Amino acid sequence: MAIARLNRLSYWYPNQRVPALDEVSLQVGAGLTLVAGPSGGGKSTLLRCFNGLVPHFHGGRIAGSAVVDGMDVVATPTRRLARAVGFVFQDPELQTVYDMVEREVGFGLENIGAPPREMREWVAQAMRDAGVEHLAGRRMRTLSGGERQRVALASALAMRPRLVVLDEPTSQLDPDGAGLVLQAISAVADDGRAVVVSEHRLAALVGVSTQLINVERGRTEAVEPSAWVPPAPPSLPRRTGAPGGEAWSLRDVTAGFPDHVVLDGVELAGRQGEVVALSGPNGGGKTTLLRLIAGGLAPLAGTVERRPGRIAYLPQNPTALLHRPTVRSEVALTLERAGEPESPEAILEALGLCDVAGRYPRDLSCGERQRSALAAVLPGRPSLVLLDEPTRGMDVGARDALVRLIARLRDSGSSVVLATHDAAVRDAVADRVYEVVRGGVRELARAASTK
Amino acid sequence: MNARAVAAWSAACLFITLATSNPAYKAVVLAAALSALAAGAGRRNTRRVLVGVALIASFAIVLNFVSAHLGTTVLFALPATLPGVGGAYTLEALASGAAGGLTIAAAILAAAPFSVILRSHDVMDALPSALARTGTAIAASLNLVPAFATSFSEVMEAQRLRGWRPRGPRSWAAVVVPVVLTSVEGSIQLAESMEARAFGSGARTRLRPARLSGADWLVVAAAAAAGLGFAVALAAGWVADWGPYPTLSPPTVDLRPLLACLLLFLPVLTWRSRA
């Protein structure tokens, strides 16, 4: 029996002529419904229709009908729909209200005036269902991203909703954290609840899903889960030349804080036209290493050297850089500062951003924003390219475009260093792979290193 | 510990600190606040607060010493022709600055338990029902403050590597605009998340209703007795005023208001560190 029914639903964001959702009809019942599709296709918008954030929170215009648990979404405020629909957002840090785990899980129940005694039982049950009972008594700020996201799932479950919706819950997480969250989602769906998940990492969930819906350009298409084919790993264009001279080096470098050393006695170097990948757990020192190479952080001891030339640095939260009125002007600004004559169109085309080049970057979807930020830092011919988790939240198409761009930069003589958890990208582009863990750096053997 | 008990204790400390010019009583309040903070927040957290308080208090002392050339006990003098700093430097000006610094330090430490010992939900739970929704919204938005500070340094570093250089106030737009926009977007996402969890539905309940324990009642009683006792002492004229000018003299201390101040040490026995 369907818990949610959308019938010819169309939705326009405020001041937009093109609908974000275009005559969408679908039903959601018990079990796991997967929502897939490229960035900017309308996945997040569709998910927000289930609990009324679209249109009540975001405004805009809506046509057609949406009924969830017998309630008309258009006529029912989100705060009332919240009793029937639990929602988990992408960024675990931006959905935390309280600083203690149990309080966070109980926040929704407090809002609906649940009696404290029942509330405590429901909170405990939700924590068990989401696999976070061991986090009781912990402060939210001490949790990893994966733990925080599972707490967010627990707080959605605590209100005992008939439908649980998760919007790319693993996009901001490392593989370990993502694995734990996906495991918890599978368990909740196995329990017979209705769960809708928008996700790029389909492989882990498609086997247990009851339906797969592809969303592209605001239109939906049902796909048989068993017919889903995993995307091919990215392939790298053949190298056009051998690596050149040393581009950067760290000699016996110690870095961090006087009372907390992050890297200790690191020896590492990279060459022009070479791609070095850094892997390892969160907090291991990858970002510190990139900042050292970039010159944004001074070492406590040792020496850091780099050839003169432009540095292109993509920070972990690259969208924070965006402040110009259009994506094109973001690219033009970097080229102007670097004094490079290249047209912005080259990188916009390479990253598949031509369609949105004239739009305000902060109005774009998460994946499109990520690509816009990449376009903003990578145009022209930087001599050193440093990328911190560049594929976070990216769809497969964007990831492949990034791989091709890295190959182009490499072939033009740029020295590239990327910190990434994405094994497919690492295997496709890296000449050498290093694991950064517990303050040290060690090279990992890999078959593709001779590529 | 209950936020209402902490509020009562803080109010008593602040009342005594601000109601008298006598530094002896302020010093007792400062000692009580420091001891209570160490008991409730642990020595390490207290040390961090102390560094900040010491800096602010030192600034007040130096400012008064340099700018107030009053008093009779001249320690040294700079030529009067030196703009801003010229003139006699007196022991009285130093003492006056120290008394000012003492007031600032005592006031800050009296209020410090709200940020150092209590957690945001402790304060929210203690608010009356009418303020519960507002308090929740404020507490939630305060969660974004650390992210704002981190975002500022990250954006500045990334923009610098993108070729940005600070050249006049207008150039700072490249840093300030993204930081502000990111913070605003963070706030909107938080609001969206709260809306999705039924925030604003109606009367709220609490997972653990805030109740005053026996120890909390003791603190409230001690704070009330201290505040009331000191007020009576003030009215009765037992609290002597103090001023360093024109010639420095030690403050006069009466046992009765001093006893009232000593009651503020009670949290040392009842507050236990969560650190």
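Counting from 1, residues in each chain are numbered in the order their sequence is written. In the order they appear in the text, chains get letters beginning with A and ligands get numbers beginning with 1. In view of the model being predicted, local features appear only for residues whose pLDDT reaches at least 70, and side-chain atom pairs are presented and counted only at 80 or more, with totals across whole chains, interfaces and linings using the full set of residues.

Draft legend 1. Region of interest: the overall build of chain B. Secondary structure elements follow DSSP: runs of H or I of four or more residues count as helices, runs of E of two or more count as strands, with numbering from the N terminus. Within chain B one finds 11 helices and two strands. Seen in sequence order, chain B has helices and strands lined up from the N terminus as α-α-β-β-α-α-α-α-α-α-α-α-α. Relative to the globule expectation of 19 Å for 275 residues, the C-alpha radius of gyration of chain B, 24 Å, shows a markedly less compact shape. Counting other C-beta atoms within 10 Å of a residue's own tells you its class, since 20 or more makes it buried, 12 or fewer makes it exposed, and anything in between is partly exposed; those C-beta atoms are placed from the backbone. Residue burial in chain B is summarised as follows: out of 275 residues, 38% are buried. Throughout, a residue-residue contact means that the two C-beta atoms, derived from backbone geometry, are no farther apart than 7 Å. The long-range share in chain B, meaning contacts at least 24 apart out of those at least 6 apart in sequence, stands at 75%. To get the radius of gyration, use the C-alpha atoms; to get the globule rule, take the number of residues to the power 0.38 and multiply by 2.2 Å.

Draft legend 2. Just the nonpolar core, in detail. Residue and element names in this part refer to chain A. In this description, a nonpolar core means buried residues of the types Ala, Val, Leu, Ile, Met, Phe, Trp, Tyr and Cys, linked to one another by C-beta atoms lying within 7 Å. The biggest cluster of nonpolar side chains holds 85 residues, and the ones touching the most others in it are Val68, Ala154, Leu163 and Ile185. Once you skip the residues sitting within four places of it in the chain, Ala154 turns out to touch Val105, Ala126, Met127, Ala130 and Val132. Leu263, Leu289, Ile311 and Ala401 belong to the second largest nonpolar core, which has 71 residues in total.

Draft legend 3. Focus on the interface of chain A and chain B. Across the contact, 49 residues belong to chain A and 42 residues belong to chain B. Where the side of chain A that touches chain B is concerned, the elements lending two or more residues are helix H2 (53-57), helix H3 (78-81), helix H4 (101-111), helix H5 (116-129), strand E15 (311-314) and helix H10 (327-338) of chain A.

Draft legend 4. Seen up close, unusual backbone geometry. The residue after Val54 of chain A, namely Pro55 of chain A, is reached through a cis peptide bond having omega 10°. When you line up the elements, Pro55 of chain A lands in helix H2. Here the amide bond leading from Tyr245 of chain B into Pro246 of chain B is cis, since omega sits at 0°, within 30 degrees of zero. Summarising the element assignment, Pro246 of chain B is placed in the loop between helix H9 (214-236) and helix H10 (255-262).

Draft legend 5. Examining the packing of helix H1 (residues 3-19) of chain B against helix H3 (residues 91-111) of chain B more closely. All names here are of chain B. Helix axes are fitted only over the stretch in contact, all axes being lines through C-alpha atoms; the angle between N-to-C directions runs from 0 to 180 degrees. At a minimum axis separation of 8 Å, H1 and H3 run at an interaxial angle of 170°. In terms of axis orientation, H1 runs roughly antiparallel to H3. The segment H1 lies against H3, with Ser10, Cys13, Leu14 and Thr17 engaging Thr103, Ala106, Ala107, Ala110 and Ala111. The nonpolar class holds Ala, Val, Leu, Ile, Met, Phe, Trp, Tyr, Cys and Pro. Asp, Glu, Lys and Arg form the charged class, and all remaining residues, Gly among them, are polar. Broken down by class, the residue content of the contact of H1 with H3 amounts to six nonpolar, three polar and no charged. Geometric relationships in this document are graded by angle, where less than 35 degrees denotes roughly parallel, more than 145 denotes roughly antiparallel, 65 to 115 denotes roughly perpendicular, and other angles denote oblique.

Draft legend 6. Spatial organisation of the sheet that holds strand E4 (residues 61-68) of chain A. Residue and element names in this part refer to chain A. The strand order E2-E1-E4-E5 describes an open sheet built from four strands, whose pairing is antiparallel. Edge positions in the open sheet fall to strand E2 (21-28) and strand E5 (71-72), since each of these has one partner strand only. When DSSP finds two or more bridges between a pair of strands, those strands are recorded as paired. Examined bridge by bridge, E4 and E5 share two bridges and lie antiparallel to one another. In the strand pairing of E5, Val67 is matched with Asp72. Across the sheet, helix H1 (residues 43-50) is in contact with strand E1 (4-12), E2 and E4; its angle to E1 comes to roughly 125°.

Draft legend 7. Structural view of the domain arrangement of chain A. Residue and element names in this part refer to chain A. Each domain span listed reflects an automatic or database assignment of domains. Domains assigned within chain A are domain 1 (4-227) and domain 2 (246-450). Averaged C-alpha coordinates put domain 1 and domain 2 at centres separated by 32 Å. At the junction of the two partners, domain 1 supplies 12 residues and domain 2 supplies 12 residues. Partitioned by chemical class, the residues of the side of domain 1 that touches domain 2 number two nonpolar, eight polar and two charged.

Draft legend 8. Fine view of the pairing of strand E3 (residues 31-36) of chain A. Residue and element names in this part refer to chain A. Of all the six residues making up E3, five are buried; the element is thus mostly covered by neighbouring parts of the structure. Relative to strand E8 (residues 194-198), E3 runs parallel, the two sharing five bridges. Its bridge partner being in E8, Val35 is matched across the sheet by Ser198. Sheet analysis places E3 next to strand E9 (residues 209-216), joined by five bridges and oriented parallel. Bridging from a neighbouring strand, Thr33 pairs with Gln211 of E9.

Draft legend 9. Region of the structure containing the packing of helix H2 (residues 23-67) of chain B against H3 of chain B. Residues and elements named next belong to chain B. One can describe the packing of H2 onto H3 by two numbers: an axis separation of 5 Å at closest approach and a directional angle of 145°. Crossing angle aside, the handedness with which H2 passes H3 is right-handed. Taken together, the residues that form the contact of H2 with H3 break down as 25 nonpolar, seven polar and one charged. Crossing chirality is assigned from the near helix's rotation relative to the far helix, an anticlockwise turn below a right angle marking it left-handed and a clockwise turn marking it right-handed.

Draft legend 10. Here's a closer look at the sheet that holds strand E16 (residues 384-388) of chain A. Residue and element names in this part refer to chain A. With mixed pairing, the six strands of this open sheet are ordered in space as E15-E16-E17-E13-E18-E19. A strand with exactly one partner marks an edge of an open sheet, and here the two such strands are E15 and strand E19 (440-444). Between one strand and the next, the sheet's axes are offset by a mean angle of 20°, whatever the strand orientation. By the bridge criterion, four bridges tie E15 to E16 in an arrangement that is parallel. In the strand pairing of E16, Ala312 is matched with Val385. Helix H13 (residues 396-411) rests against strand E13 (275-279), E16 and strand E17 (415-419) of the sheet, and its axis sits at about 145° to E17.

Draft legend 11. Inspection of the confidence of the model for chain B at higher detail. Residue-level confidence of the predictor, termed pLDDT, takes values from 0 up to 100. Of the residues in chain B, 96% reach a pLDDT of 70 or more, and the chain-wide mean stands at 88. On the interface metric, ipTM, the complex scores 0.82, and its pTM is 0.76.

Draft legend 12. Spatial organisation of H2 of chain B. Every helix has an expected span of 1.5 Å times one less than the residues it contains. Relative to the 66 Å expected for 45 residues at 1.5 Å per residue, H2 of chain B spans just 21 Å between its end C-alpha atoms, considerably shorter than the ideal helical length. Note on bend: at a given residue it equals the angle between the axes fitted to the 7 residues ending there and to the 7 starting there. The sharpest bend along H2 of chain B reaches about 120° and sits at Gly42 of chain B.

Draft legend 13. Spatial organisation of helix H7 (residues 175-190) of chain A. Residues and elements named next belong to chain A. Taking 1.5 Å per residue, 16 residues should reach 22 Å; H7 reaches 22 Å between its end C-alpha atoms and fits that length. Along H7, the residues that are buried comprise Gly177, Ala178, Leu180, Val181, Leu182, Ala184, Ile185, Val188 and Ala189. On the buried face of H7, the contacting elements are E3, H5, helix H6 (145-158), strand E7 (163-167), E8 and helix H8 (203-206). Positioned one or two residues after H7, Gly192 has a phi angle of 95°, which is positive.

Draft legend 14. How the structure looks around the environment of Gln16 of chain A. Position of Gln16 of chain A relative to the elements: it lies in the loop between E1 and E2. Separated by 425 residues in the primary sequence, Gln16 of chain A and Val441 of chain A have C-alpha atoms spaced 50 Å apart.

Draft legend 15. Expanded view of the pairing of strand E6 (residues 85-88) of chain A. Residue and element names in this part refer to chain A. What you see with E6 is no split at all: Val85 and Phe87 on one side and Gly86 and Val88 on the other are buried throughout. Where E6 meets E7, four bridges bridge the pair, whose relative direction is parallel. Directly across from Val88, in E7, lies its bridge partner Leu166.

Draft legend 16. Spotlight on the confidence of the model for chain A. Confidence along chain A averages 89 in pLDDT terms, with 99% of residues attaining 70 or more. Here residues 447-451 of chain A scores under 50 on pLDDT; set against residues more than four positions off or in separate chains, the count is four contacts.

Draft legend 17. The arrangement of the environment of Ala419 of chain A in detail. Residues and elements named next belong to chain A. Looking at where Ala419 falls in the secondary structure, it is placed in strand E17. With 26 C-beta atoms packed within 10 Å, Ala419 lands in the buried category. Residues Ala419 and Pro19, spaced 400 residues apart in sequence, show a C-alpha to C-alpha distance of 37 Å. In this structure Ala419 touches Leu278, Lys286, Thr287, Leu290, Asp388 and Glu389, once residues within four positions along its chain are discounted.

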